[in-house]
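Per-entry structural report
This is what each chain is made of:
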Amino acid sequence: DVYRASTYAPVNIAVIKYWGKRDSKLNLPSNASLSVTLSQDDLRTHTTASCSKDVAEDSLTLNNAFQDISGARTQACLRELRALRQEMEEKDSSLPKLSAMKLKIVSENNFPTAAGLASSAAGFAALVRAIANLYQLPVSPTDLSRIARQGSGSACRSVLGGYVAWQKGEHADGSDSVAYEVSPASHWPDMRAIILVASAEKKDVSSTAGMQQTVASSVLFQHRADEVVPKRMKAMEKAIHNRDFESFAVLTMKDSNNFHACCLDTQPPIFYMNDTSKAAIRMCEAINSTQPNEKPICAYTFDAGPNAVVYYLAEHEDLVAGTFKAIVGDKTGWEGKRGQNIKVKSDVPEGTQAAVDLLKSGVSRVILTSVGDGPRKTEEH
Ligand code: DP6
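Below you will find a few notes about this structure. (Residues numbered from 1 in each chain as written. Predicted model: local features only at pLDDT ≥ 70, side-chain atom pairs only at ≥ 80, totals over all residues. Heavy atoms only, no water.)

**Remarks on the overall build of the protein**
What the protein contains, in helices and strands, is 10 helices and 16 strands. Compactness check: the protein gives a C-alpha radius of gyration of 21 Å against a globular reference of 21 Å for 381 residues, within 12% of the reference. Seen through its principal axes, the protein has C-alpha atoms that stretch 70 × 45 × 40 Å. Long-range pairs, those at least 24 residues apart, make up 76% of the contacts in the protein between residues at least 6 apart in sequence. For the protein, the computed accessible surface area is about 16500 Å², with 49% contributed by carbon and sulfur atoms. Charge-centre separation for the protein: the mean point of 43 positive side chains lies 1 Å from the mean point of 44 negative side chains. (Helix = DSSP H or I, 4+ residues; strand = E, 2+ residues; numbered from the N terminus. Rg over C-alpha atoms; globule rule 2.2 N^0.38 Å. Contact = heavy atoms within 4.5 Å. Areas by Shrake-Rupley, 256 points an atom, 1.4 Å probe, with all protein chains shown as cover. Lys, Arg positive; Asp, Glu negative; His and termini not counted. Charge placed at Lys NZ, Arg CZ, Asp CG, Glu CD.)

Here it is, written out as structure tokens:
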């Protein structure tokens, strides 16, 4: 017999960033973080996990290429999931002994892995969800987040949809360092995101290595972890509960900048943003300054790379996405069903010519998406 289960898992982009570990084996963070889960209609990892007596060894392919799964992170996920299944089998001897069989895991991203998008988050979330489905584990998303976290920290937030927080936790074993739902996507469904891909190259310094260097050398970092983020987490949860975009936007931009300031304060300094990234910031600031009282209608954020993610509400699609469409026009990504509906804005904010030129030459691809739900089961194999 062959046993099989499939799932999709979404990408998430943090608005309060995870950066720094207090335990690098278990991926326990130095501070809490909060993210928006993006729609799986646009960006997703699809994973099928199967097992049978005939499978000779555990394997994982991503977009048809074999991946090394001997690393501690993947092994930790497989070990935990198997242990839970084994517990079930010991209690109920009628269950097939799946925990004793080898696993064949087949994953595909519907976006270029090299695009510098948070592929490890969706990847580990899909892996953990698919195996939990295969084993029919009676686990909650929060239980799963504890396992996915060990694959990649940010992956623990991709097991849930909508607005998701990852609490720091206090215990040394990581049992309370888990993700929880702040609000479902349906609470604030008109959140949109435009991703400006500024480089499809592999990142300079991986997040894992970068955050270790920051923890070891930045004096700003301790202040961020102890003082800045705890306050911001509370304020961000409140902004989301109240659907208060202005507060959401200010906190998002400030936190991205605070995180990148810690990167600059690292020895040697780490630069994730490039000139195109800075032009995206300039353009967002200019768009916001056209509003009455300069009330923000868009918010940029950057992970460990130069791509800009700009959040805005559906009601401002033509103003925000329309401005970027007017600038970077016919790039890949606009053809999608969302892209076609965006009206090109006839003018761009004044005094932004330098930013316009940089965005024109530096943005290679545009992806339009929105807040979305957590992992969903699929029938396809
Ligand atoms: C900047 O989750 O990739 O995207 O736990 O070492 O796998 P590891 O790191 P990872 O770090 C993500 C960092 C970030 C911020 C965020 O997603 O919160």
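That was the structure; now back to the text.
**Brief notes about the side chain of Ser277**
Topologically, Ser277 is positioned in helix 7 (residues 275-289). Accessibility expressed as a relative area gives 1% for Ser277, which makes it buried. Other than its neighbours up to four places away in sequence, Ser277 contacts Phe302 and Pro306. (Buried < 20%, exposed > 50% of the residue type's maximum accessible area, 1.4 Å probe, protein only.)

**Overview of the sheet that holds strand 8 (residues 65-66)**
Here six strands make up an open sheet; going across it, the order is 8-7-9-6-1-16 and the pairing mixed. Here the strands that pair on one side only, and so sit at the sheet edges, are strand 8 and strand 16 (376-378). Where strand 6 (residues 44-52) and strand 9 (residues 102-109) come together, eight bridges link them in antiparallel fashion. The residue of strand 9 that forms the bridge with His46 is Glu108. Together, strand 1 (3-10), strand 6, strand 7 (59-62), strand 9 and strand 16 form the strand contacts of helix 2 (residues 119-134), whose direction differs from that of strand 1 by roughly 150°. (Pairing = 2+ DSSP bridges. Axes fitted to C-alpha atoms, helices over the stretch in contact; angles between N-to-C directions.)

**As for unusual backbone geometry**
With an omega dihedral of -5°, the bond running from Gln267 to Pro268 counts as a cis peptide bond. Residue placement: Pro268 occurs in the loop between helix 6 (245-264) and helix 7. Backbone geometry places Asn27, a non-glycine residue, at a positive phi of 55°. The topology assignment puts Asn27 in the loop between strand 3 (21-23) and strand 4 (28-29). With phi around 55°, Asn293 is a residue other than glycine that occupies positive phi space. Since its relative accessible area comes to 80%, Asn293 is described here as exposed.

**Comments concerning the environment of Leu359**
With respect to the helices and strands, the residue Leu359 is situated in helix 10 (residues 353-362). Sequence-wise, Leu359 and Lys102 are 257 residues apart; in three dimensions their C-alpha atoms are separated by 48 Å. With residues up to four places along the chain from it excluded, the contact list for Leu359 reads Thr276, Ala279, Ala280, Met283, Phe324, Ile327 and Val328.

These results come straight from atomic positions and should not be treated as a statement about function.
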